[in-house]
Amino acid sequence: METRPNVVWLTLDSVRADRTSMGAGDHETTPEMARIASRSDGQAFTNCIAHAMWSLPSDASILTGTYPSSHGTGLWNEVLPAEITTVPERFSELGYHTAAVSQNAYCSESTGLARGFAQFDLVHKSNLLRSVGPWTLLKYALKARTHSGGYTLSMDEHRSDYLALDLARRRLRSFQGADEPFFMFVHTLGAHLPYAPPLSFRDAFTDGIELSTDEAVERAIEASANHYRSTAHRCDFSPSTREAIDAMYDGLVAYADWYVGSFFDYLRSLDLGPTVFVVTADHGDLLGEHGVLGHQLSLHDGLINVPMVVHGLPSLTDVAQDVVVQHTDVMQALLEAAGASTDSLAGFHGRDPRSDSRTYAVSQRGSDTYETAMDQVREHDPTADLDWFHPGLLHAVRSDGFKFLRSARGEELYELPDERTDVLEEYPSVASGHRSFLDRFLDRIGERQSTDAQREMSDALKDQLADLGYVTD
């Protein structure tokens, strides 16, 4: 019997594909991801399309293999419906040990996304001593200049990714010599706003910008920590502030890439047996496009086109790197490699890219998500002109060269990378193809699943989300 591989899935928050070394631009931000992808059993997919544009619905899709309009989590549901089988439950049924480390309170027991994990650790500032332990905290303090903002009282300048990854390393060490394979899911802060890289990465991309590094950090924090206000003002930044935001965001991506490489090398140094390593992002961020800073309002490619690197599943290297894939597709390939049968994957919405490549990908944004963002923006400017954005439930169908949008307001078609000019009338056959796919997709997904369960979060978790710019009730 062929050895079933372990699976380590690492999700970086808020990293957009075009700001990586594998993206369309000239960014040299992710040499480690590029190194992993370039290995003989590695692959990078440049057209990976997330299922949503913020963490809760995106993680819910990753961890269930279903689309947002099916699981409803982060759209109309606060909590994952109990009827939906989770990915860790599927791995458990296959005889895998399951574990997770998360830095995002939306990926936790409070939303149902911890269901199926035998071990689940949520790392946040109110439980650090209990979750990561004193030794990890001491190491973090000694390395504060490398992994955070140094010894400053400004909470916006501290990054805690090191804490989660050190805990994840400890978990990996414990799996050595185990009789059963394991599935491990890790969600780190990645490039999530506010945009303040650790001290060791702050000047990585400041050559040639107008401001000093310290000034650039201050500008980037001011804009991103107040991202709703920035969006209310349509991101009317000075050229020097735009340079600062770009430089600090890229610094965060580069830092995340550095620890991805370190984590990958550590993983390979352990006696774990065959292990598949996946690194991706739950969504990206807009950096001023369409007057938006952060991840609200739209399904722009800056939000839904994310990096995807897979190492250790050799059959995926035969798949072209520019094919359109989604998180559920890669997860389906992993489950099949773990021994899942076609029958056991009933209800799973992925398409194994090795045998069933897709032409179209779907991303979705909920009505409540839109209304919450609109309310926050209009608190800063009640007259803010946001008519550009589709209201209500929004569907995006993304192909290799086009994006089709549908909401209650109507339909639009964009020829990428231009997401300003509606070409619906210019390309009627292209629009028809995307439209027909969306109609079939919605029929196939079927009736949406709803639950009255309410999300229960401690004040500490709400504070953590507020620190990350989320609005909680």
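Up top is the structure these notes are about.
Below: a short report on this structure. Along each chain, numbering runs from 1 in the same order as the chain's sequence is written. This being a predicted model, a pLDDT of at least 70 is required before a residue's local features are given, and a value of 80 or more before pairs of side-chain atoms are given or counted; all residues contribute to the totals for chains, interfaces and linings. Side-chain measures here rest on the full set of heavy atoms in the structure, leaving out hydrogens and waters.

**As for the packing of aromatic side chains**
Threshold: Ring pairs shown here join Phe, Tyr and Trp side chains whose ring centres sit within 6.5 Å, with only the six-membered ring taken for Trp; geometry is labelled stacked below 30 degrees between planes, edge-to-face above 60, and tilted in between. For helices the rule is a DSSP run of H or I covering at least 4 residues; for strands it is a run of E covering at least 2, with both sets numbered from the N terminus onward. Only protein chains enter the area calculation, which uses a 1.4 Å probe; residues under 20% of their type maximum are buried, those over 50% are exposed, and those in between are partly exposed. For a lysine, the NZ atom is tested; for an arginine, the CZ atom; a charge sits over a ring if that atom is within 6 Å of the ring centre and within 35 degrees of the ring normal.
Tallied over the full model, the rule gives 18 aromatic pairs. For the pair Phe264 and Phe277, a centre-to-centre distance of 5.5 Å together with 45 degrees between the ring planes defines the contact as tilted. Remark: Phe277 occurs in strand β7 (residues 275-281) and Phe264 occurs in helix α11 (residues 239-269); sequence separation between them is 13 residues. Of the two residues, Phe264 and Phe277, both sit in the buried class. What links up through ring pairs into an aromatic cluster is the set Phe91, Tyr96, Phe117, Phe120, Phe183 and Phe185. Its guanidinium or amino end placed over the ring of Tyr266, Arg169 lies 4.7 Å from that ring's centre, counting from NZ or CZ. Note that Arg420 overlies the ring of Trp388, its terminal NZ or CZ placed 4.6 Å from the centroid.

**Re the pattern of salt bridges**
Threshold: Any carboxyl oxygen of Asp or Glu within 4 Å of a side-chain nitrogen of Lys or Arg constitutes a salt bridge here.
In the structure shown here, the tally under the stated rule is 22 salt bridges. The closest approach of N and O atoms between Arg19 and Asp250, which form a salt bridge, is 3.0 Å. Remark: Asp250 occurs in helix α11 and Arg19 occurs in the loop between β1 (6-12) and α1 (31-38); sequence separation between them is 231 residues. Its relative accessible area of 5% is what places Asp250 among the buried residues. We note a salt bridge from Asp121 to Arg171, for which the minimum N-O separation is 3.0 Å. With Asp121 in strand β5 (residues 119-122) and Arg171 in helix α8 (residues 161-174), the pair connects residues that are 50 residues apart, well separated along the chain. Residue Asp121 shares its accessibility class with Arg171, and that shared class is buried. Linked by salt bridges that have partners in common, Asp301, Arg398, Lys403 and Glu419 make up one network.

**Notes on the sheet that holds strand β2 (residues 42-44)**
Two strands in a sheet stick together by hydrogen bonds in their backbones, pointing the same way (parallel) or opposite ways (antiparallel). Just so we agree on the cut-off: Note on pairing: DSSP must find at least two bridges between two strands before they are called paired. An axis is simply a line fitted to the C-alpha atoms; with a helix, the fit covers only the stretch in contact. Between two such axes, the angle follows the N-to-C directions and lies from 0 to 180 degrees. Only heavy atoms matter for contacts: two residues are in contact if any of them lie within 4.5 Å across the pair.
Taking strand neighbours across the sheet as the criterion, the seven strands line up as β2-β11-β7-β1-β6-β4-β5 in an open arrangement whose pairing is mixed. Pairing within the sheet leaves two strands with one partner each, and these edge strands are β2 and β5. Taken over all neighbouring pairs, the strand axes of this sheet differ in orientation by 10 degrees on average, direction set aside. Summarising the sheet, strand β4 (residues 97-102) and strand β6 (residues 182-188) pair through six bridges and their orientation is parallel. Its bridge partner being in β6, Val101 is matched across the sheet by Val186. Lying over the sheet, α11 contacts β1, β6, β7 and β11 (308-311), oriented at roughly 170 degrees with respect to β1.

**Quick look at empty space enclosed by the protein**
Quick note on the threshold: Put plainly, a pocket is an open set of points on a 1 Å grid over the protein atoms alone with protein on both sides within 12 Å along at least five of seven lines, a cavity is a set where a 1.4 Å probe fits but cannot get out, and a lining residue has an atom within 4 Å of a point. Grid points are joined across faces, edges and corners, and a volume is the space filled by probe spheres set on the points. Lys, Arg, Asp and Glu make up the charged group, whereas Ala, Val, Leu, Ile, Met, Phe, Trp, Tyr, Cys and Pro make up the nonpolar group; the residues left over, Gly among them, are polar.
This model, assessed by the stated rule, comprises two cavities of 30 Å³ or more. Each pocket or cavity is described by its volume, and for the largest cavity that value is around 130 Å³. Lining the largest cavity we find 15 residues, and of these His290, Ser298, Trp388, His390 and Leu405 sit closest to its centre. Among the residues forming the lining of the largest cavity, the class breakdown is seven nonpolar, four polar and four charged.

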